[in-house]
Amino acid sequence: MKWLRLRKEFQGLLLLCVLYIVFSLLLPTDSARLEKYGITEQQAKLLSLTIMIPLVAIWVTAFNGYIRFKDYAISIKKGDDGPAFNLLATGTKILAYGLPINSLSGLLANYLSVQNVTFFEKNGTIITNYIAIIIALLAFIYINQGARTLLNITKKIPPMPESTVVAFLILSISYCYAVFGRGISLPSATTNASVYTLPTLVVALSVVLPYLYTWYKGLIAAYCLRFYEHNVSGILYKRGLRHLSLGIAVVILSQVLLQFTIALANNLADLKLKSLLIVIYLLLLIIGIGYALIARGANKLRRIEEVS
Amino acid sequence: MPSRSSTLYYQVIDVTKRYLGPAAERFITRQIETHLNKRADKLTKKDLQQLLDWIRVAMALLTDDRKLIEDYMNNLGELARK
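Overview of the structure. (Residues numbered from 1 in each chain as written. Chains lettered and ligands numbered in written order. Predicted model: local features only at pLDDT ≥ 70, side-chain atom pairs only at ≥ 80, totals over all residues. Heavy atoms only, no water.)

1. A word on the overall build of chain B
The line we're drawing: Secondary structure elements are defined from DSSP: runs of H or I of at least 4 residues count as helices, runs of E of at least 2 residues count as strands, and each element is numbered from the N terminus. Relative accessible area decides the class of each residue, using a 1.4 Å probe on protein chains only: under 20% of the type maximum gives buried, over 50% gives exposed, and in between gives partly exposed. We call two residues in contact whenever any of their non-hydrogen atoms come within 4.5 Å of each other. In this count, Lys and Arg are taken as positive residues and Asp and Glu as negative ones, while His and the chain termini are left out. In this description, the location of a charge corresponds to atom NZ of lysine, CZ of arginine, CG of aspartate or CD of glutamate.
The helix and strand tally for chain B stands at four helices and zero strands. Ordered by position from the N terminus, the helices and strands of chain B form the series α-α-α-α. Overall, chain B is about 35 × 25 × 20 Å in size when its C-alpha atoms are taken along their principal axes. Buried positions account for 52% of the 82 residues belonging to chain B. If you take every contact in chain B between residues at least 6 apart in sequence, the share linking residues at least 24 apart comes to 47%. Here chain B contributes 15 positive and 11 negative side-chain charges, whose respective centroids are spaced 4 Å apart.

2. Focus on the pattern of salt bridges
Short version of the rule: Take a side-chain nitrogen of Lys or Arg and a carboxyl oxygen of Asp or Glu: if they are within 4 Å of each other, that pair is a salt bridge.
Taken as a whole and assessed by the stated rule, the structure comprises 11 salt bridges over all chains. Of the charged contacts, one joins Arg26 of chain B and Glu305 of chain A as a salt bridge, the two residues approaching to 2.8 Å between their closest N and O atoms. Of this pair, Arg26 of chain B sits in helix α2 (residues 24-35) while Glu305 of chain A sits in helix α10 (residues 273-306), which puts the two residues in different chains. Connected through shared salt-bridge partners, Asp81 and Glu305 of chain A together with Arg26 of chain B make up one network.

3. Re the packing of helix α7 (residues 200-231) of chain A against helix α8 (residues 235-263) of chain A
Residues and elements named next belong to chain A. To be explicit about the condition: Every axis in this analysis is a line fitted to C-alpha atoms, fitted for helices over the stretch in contact. Angles between the N-to-C directions lie between 0 and 180 degrees. Relative orientations are named as follows: roughly parallel for angles under 35 degrees, roughly antiparallel for angles over 145 degrees, roughly perpendicular for angles from 65 to 115 degrees, and oblique for any other angle. Handedness of a crossing is defined here by the sense of rotation of the near helix relative to the far one, left-handed for an anticlockwise turn of less than a right angle and right-handed for a clockwise turn.
With their axes 10 Å apart at the nearest point, α7 and α8 run at an angle of 165° to one another. Taken together, the axes of α7 and α8 are roughly antiparallel relative to one another. In this structure, α7 meets α8 at a crossing whose hand is left-handed. Here α7 contributes Tyr211, Trp215, Gly218, Ala222, Leu225, Tyr228, Glu229, His230 and Asn231 to the contact with α8, which in turn contributes Tyr237, Lys238, Leu241, Arg242, Ser245, Ile248, Ala249, Ile252, Gln255, Val256, Gln259 and Phe260.

4. Focus: the packing of aromatic side chains
All names here are of chain A. Which entries qualify depends on this criterion: Two aromatic rings from Phe, Tyr or Trp, using only the six-membered ring of Trp, form a pair when their centres are within 6.5 Å; if the ring planes differ by under 30 degrees the pair is stacked, by over 60 it is edge-to-face, and anything between is tilted.
As enumerated under the stated definition, the model contains 12 aromatic pairs over all chains in all. Seen in terms of ring centroids, Phe63 and Tyr97 are 4.7 Å apart; in terms of plane orientation they differ by 65°. Their pairing is edge-to-face. With Phe63 in helix α3 (residues 41-75) and Tyr97 in helix α4 (residues 82-114), this residue pair connects regions lying 34 residues apart in the sequence. By relative accessible area, Phe63 is classed as buried at 0%.

5. Observations regarding the nonpolar core
As a rule of thumb, soluble globular proteins bury nonpolar side chains together. Note the cut-off: We define a nonpolar core as any set of buried Ala, Val, Leu, Ile, Met, Phe, Trp, Tyr and Cys residues linked to one another through side-chain atoms lying within 4.5 Å.
Residues Phe85 and Tyr175 of chain A together with Phe27 and Tyr72 of chain B are the most contacted members of the largest nonpolar core, which totals 104 residues. It is α7 of chain A that provides the largest number of residues to this core, a total of 13 residues.

6. A few points about helix α1 (residues 7-20) of chain B
Rules: Expected span of a helix, by definition, is 1.5 Å for each gap between consecutive residues, and there is one gap fewer than residues.
Here α1 of chain B is 14 residues long and its end C-alpha atoms lie 19 Å apart, about the 20 Å a rise of 1.5 Å per residue gives. Where α1 of chain B is concerned, the buried positions are Leu8, Tyr9, Tyr10, Val12, Ile13, Val15, Thr16, Tyr19 and Leu20 of chain B. Elements in contact with the buried residues of α1 of chain B: α8 and α10 of chain A together with α2, α3 (45-62) and α4 (66-81) of chain B. Gly21 of chain B sits one or two residues past α1 of chain B and shows a positive phi near 55°.

This is the structure:
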């Protein structure tokens, strides 16, 4: 049964990877971008390989992390902590699937827009943004709910430290500045279009607010997990849990950074190619570290359940 | 589900919780049912030494921390001496 489930999950990942690679290599590159960076179509394809390979590696890492976490959650489903870990695992599953889905939707929407397909010319960016928002929101709701459920085991209510409130305020102000101060009012010289292609009020209500709410959920979840880790008993149990909670915190952070990157897309478009690649690789590295920590933590906890 | 009246079983779990937290009850139940071939609530003092031996082996598979294992075994050993 487990192998059947594993096969289905990796079949899903394989399909998404193949689709992404095929579309990336076969679909023509935007001529404006070729002109901006002074490269040919073939050079652009070679360049896309240097992003594609680490990107697919990160997707595999993310799926591996989620599957190991899910295996652990299944092994303890009848325990007091079972339902909570199942919710957390579902949240990380949504984020793991979200990585290739977001990449594919962006690729296809961009291609259709460049090919002057009217609907996608007007709505491509909006569609890809909303897909990303829905995925992040769903995932963080599950992760938040799982983290809060874990607190029931400690029978303690964590105090809300000022540092968490301040961190959220700083995050909110920074993101609003990134979107309203840079992303909308300064259209890119290359694309002549703002990042979100929507009126300011609509961006505020349908993009900024949902993301701030999502990150609030994520911040609280990371804090609750940390509180649980400190207050739960079990020296060996805590060692596994430490990696898991740190991994989830890093994955939440990577989602925040990803959205900041998108909000600053116009400014990043002005960067040299080398600098842009560094930004992309750094982001991928952070995502990979998060899921690797989740896998490591889940493995440690699972060994406790399997050893006899 | 073993009842609370099997106090030795729950005493063992209480000690184990310091090391395995919420996984303690599952761990101990598995050790008793797999190695002693009896229901967890049927644990008696006579079974304790054999159980401790199996727990030591299982803990050695989970961690290299000998101090931790010895600490755990000493705490369980006190139950056998009561």
